[in-house]
Structure formats: C-alpha cells, structure tokens
Amino acid sequence: MADTTQFEVAETEANLVYSRPRLLLDTTMHYCPGCSHGTVHKLVAEAIDELGAEDKAIGITPVGCAAFLYNYIDIDWVQASHGRAPSVATAMKRLCPDKLVFTYQGDGDLAAIGTAEAIHAANRGDNIAIIFINNAIYGMTGGQMAPTTLLGMKTATTPQGRDADLNGYPFKVANVLSLLDGVTYVTRQSVNTPANVRKAKKAIKKAFDNSINNRGLSFVEIVATCNSGWKMSPIAANHWMEENMHAAYPLGDLKDLTGDK
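Let us look at the structure shown here. (Residues numbered from 1 in each chain as written. Predicted model: local features only at pLDDT ≥ 70, side-chain atom pairs only at ≥ 80, totals over all residues. Heavy atoms only, no water.)

## What to know about the pattern of salt bridges
The following threshold applies: Any Lys or Arg side-chain nitrogen located within 4 Å of an Asp or Glu carboxyl oxygen qualifies as a salt bridge. Strands here are runs of E lasting at least two residues and helices are runs of H or I lasting at least four, both read from the DSSP assignment and numbered beginning at the N terminus.
A complete count under the given rule lists 12 salt bridges for this structure. Two residues, Arg-22 and Glu-54, come together in a salt bridge whose shortest N-O distance is 2.8 Å. Separated by 32 residues along the polypeptide, Arg-22 in the loop between α1 (2-15) and α2 (37-50) and Glu-54 in the loop between α2 and β1 (57-61) bring together distant segments of the chain. For Lys-201, the salt bridge is made with Glu-46, and the minimal N-O distance between the two is 3.3 Å.

As structure tokens, then:
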C-alpha cells in the first residue's frame, strides 16, 4: 500500500503543470469575477519568487482596486497616498539601493492625480519598476471616465461616450514615458489569453530584474478588463477589450535598452 501511494504521489508531481505561487497568501481576493487584477497578482508573486527576491522586494500600493494587494502577496509593503506611489518608491530605492522596489497602480491613480510623480520618477531614471493596470475606467469609485477611457466609450460621467472636444483624448502613458531618457524599459501587455499571460509574466520579471540591478526605470502597462465598470460579463469584457482596447493600446515593447536579460 505504501509503495502504491508513493507511486501515485510521484506520478501526480510529474504531471503537475500548475500550482499556487508560493508567495501568494491563502486568502480570498476581493476582486470582481473576471477582473484582470487577480491574474496579474499571480504573475507578480511568481516573478518575485523565481528571481529569489522575496527578501529584497518592497511593493508600493496607493488607492483604488489594487489598494489591498498587500493582503495577497507575502513581501514587504508600503501604503502610499493617492498618486504618490512613485515618489514613495523613489525614497525606498534610494534608502535601500539593493532592493527590488516596485509600484502597482491603476489608471485612475497613475494617469490622473499621480501623473507628475510617474513622469518625474521616470525622468530621473529612478531604479524602480511600475506595474500599471489600464482598464480605461475608475473601477472602484463608480465607473467614471479615466484619463485612459477610449473615445466613444460610455462611463458614468460620459453616458453618451467620451467626446474629444469636451473630454480630450485618451492618455497613452507608456508612449509618453518611453520618450524620457531615464526610462530603460517600457512594454504594454495583457492577460486575456494564456500566451499573453506568459508574455506579461516575462515582462514583469524583466522589469523587476532591472530594478534589482539598478538599470533605470521600467514601466509595464497591463491592458485589463473591468467587466463591472463596463457593465459586461467577464467573457464579453474580454472580447470588447480585444476588439477596442488593443487597437487603442497596441501590445508589445515600446522601449528596451537592456536587451534580452
């Protein structure tokens, strides 16, 4: 009986293709079903673990849907005021230059009240990584228009759709930051398919490695869904993102000065 049990365990381990990331805490997430945040959280946890950076990692979260990220990944965290995560990250990295320091921010945070902090951290070339979740809407506070909301997109504050003459144009943060000399790596990814999940993980891991080795600022934008804010089912939201968000925010690297490391 013992031999049979050992054989079954060995066979199970040999066939295992997926397991819970070691650093992801065993607690129920608060996100809406279909939200992209949970997938990105998993990738962040896996990247830190695979880099052996558990004891080096310091994450900065501000406000919004991602504000409780520190409840889900077992590393050191600092809570920042609305929009100020890049400034806090700058201080942490300069005080602890051997650490992996990163922020995790949504578009309502980074692309609005936190624009100046993100731009100046990038312009200084601070050795931090920024994970930017772009779902084109204020997800937590009621579905209002965000700086990244698409033209024609309906939100709580643009019920007829975003109008360029009235509301301006979508703010393409990654494109702006890619022009700054202090920025080493800028990429735009998504987590809508298994293939894209793998690409997003590779991008996050590379950005974290850049921070550890002080190669300048890295910016990883994740084009994401907000099916609750968009008033869609998770499946419909995924299709809408593919047809609309990916056209406005094309996936791929915008800048890479580090090579394939």
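So that's the structure; there's more coming.
## Here we look at the environment of Ala-164
Position of Ala-164 relative to the elements: it lies in helix α6 (residues 164-167). As a C-alpha pair, Ala-164 and Ala-57 span 107 residues in sequence and 41 Å in three-dimensional space.

## Things to note about helix α3 (residues 85-95)
Our working rule: Here the term buried applies to any residue with accessible area under 20% of the maximum for its type, exposed to any over 50%, and partly exposed to those in between, with areas from a 1.4 Å probe on protein chains only. Arc definition: directions from the helix axis to the C-beta atoms. By the convention used here, residues are in contact when the closest approach between their heavy atoms is within 4.5 Å.
Of the positions making up α3, those classed as buried are Ala-85, Pro-86, Ala-89, Thr-90 and Lys-93. Viewed end-on, α3 has its buried residues packed into an arc of 140°, placing them on one side of the element. Opposite the packed face of α3, turned more than 90 degrees from it, sit the exposed residues Arg-94 and Leu-95. Those residues of α3 that are buried are in contact with β1, β3 (100-106), α5 (115-124), β4 (129-134) and α8 (194-212).

## Some remarks on the packing of α3 against α5
The cut-off we apply is this: Inter-axis angles, ranging from 0 to 180 degrees, are taken between N-to-C directions of lines fitted to C-alpha atoms, where helices are fitted over the stretch in contact. Only Asp, Glu, Lys and Arg are considered charged in this grouping, and only Ala, Val, Leu, Ile, Met, Phe, Trp, Tyr, Cys and Pro are considered nonpolar; every other residue, Gly among them, is considered polar.
Packing of α3 against α5 brings their axes to within 8 Å, and their N-to-C directions diverge by 35°. Residues Pro-86, Ser-87, Thr-90 and Arg-94 of α3 form the contact with α5, whose own contacting residues are Glu-117, Ala-118, Ala-121 and Arg-124. By residue class, the composition of the contact of α3 with α5 is 3 nonpolar, 2 polar and 3 charged.

## Observations concerning the sheet that holds β1
What links the strands of a sheet is backbone hydrogen bonding, and the strands pair in either a parallel or an antiparallel sense. For clarity, the threshold we go by: In this analysis, strands are considered paired if DSSP registers two or more bridges between them.
Taking strand neighbours across the sheet as the criterion, the 7 strands line up as β2-β1-β3-β4-β6-β5-β7 in an open arrangement whose pairing is mixed. Each having just a single partner strand, β2 (76-79) and β7 (252-256) make up the two edges of the open sheet. Put simply, the sheet's adjacent strands are angled 15° from each other on average, direction ignored. Summarising the sheet, β3 and β4 pair through 5 bridges and their orientation is parallel. Paired with Tyr-104 across the bridge in β4 is Ile-131. Here α3 sits on the sheet in contact with β1, β2, β3 and β4, set at roughly 175° to β3. On the sheet, helix α10 (residues 234-248) packs against β4, β5 (183-190) and β6 (217-223) and is oriented at approximately 140° with respect to β6.

## Re the nonpolar core
We count it as follows: Put simply, a nonpolar core is a bunch of buried Ala, Val, Leu, Ile, Met, Phe, Trp, Tyr and Cys residues held in one set by side-chain atoms that sit within 4.5 Å of each other.
Counting residues in each nonpolar core, the largest one holds 35 residues, and the members touching the most others are Ile-48, Ile-73, Phe-102 and Phe-208. Every element with two or more residues in this core is listed here: α2, β3, β4, α8 and β6. Tallying contributions element by element places α8 first for this core, with 7 residues. Ignoring sequence-local partners within four residues, the contact set of Phe-102 consists of Val-44, Ile-48, Ile-58, Gly-59, Ile-60, Ile-75, Trp-77, Ala-129, Ile-131 and Phe-208.

## Description of unusual backbone geometry
Here the phi dihedral of Asn-214 falls at roughly 55°; this positive angle occurs in a residue that is not glycine. Within the fold, Asn-214 resides in the loop between α8 and β6. Even without being glycine, Lys-231 reaches a positive phi, approximately 60°. Its relative accessible area of 70% is what places Lys-231 among the exposed residues.

## Structural notes on a nonpolar patch on the surface
Our working rule: Nonpolar side chains (Val, Leu, Ile, Met, Phe, Trp, Tyr) within 5 Å and like charges within 9 Å form the patches, drawn only from residues with over 30% relative accessible area and no salt bridge. Accessibility throughout is a Shrake-Rupley quantity obtained with a 1.4 Å probe, and a residue counts as covered only by protein chains that appear here.
Side chains of Phe-68, Tyr-70 and Met-140 sit close together on the surface and give an oily, nonpolar patch of about 270 Å² of accessible area. Relative to the helices and strands, Phe-68 is located in the loop between β1 and β2.

## A look at the environment of Gly-168
Locating Gly-168 in the fold gives a position in the loop between α6 and α7 (173-177). A sequence separation of 21 residues divides Gly-168 from Pro-147, and the C-alpha atoms of the two residues are 8.6 Å apart. When sequence neighbours within four positions are dropped, the list of residues in contact with Gly-168 reads Leu-151, Arg-162 and Asp-163.

## So, the side chain of Lys-201
Here is the rule we go by: Pairs of N or O atoms are called polar contacts if they sit within 3.5 Å, as long as, within protein, a hydrogen donor faces a hydrogen acceptor (for residues adjacent in sequence, only side-chain-to-side-chain pairs).
The residue Lys-201 is located in helix α8 in this model. Among the polar contacts made by the side chain of Lys-201, one reaches the side chain of Glu-50 at a distance of 2.5 Å.

## A word on the pairing of β4
Summarising burial for β4: 6 of the 6 residues are buried, a large majority. Burial along β4 is two-sided: the face carrying Ala-129, Ile-131 and Ile-133 and the face carrying Ile-130, Phe-132 and Asn-134 are both buried. When β4 meets β6, the two strands line up parallel, connected through 6 bridges. When the sheet's bridge partners are listed, Asn-134 is paired in β6 with Val-223.

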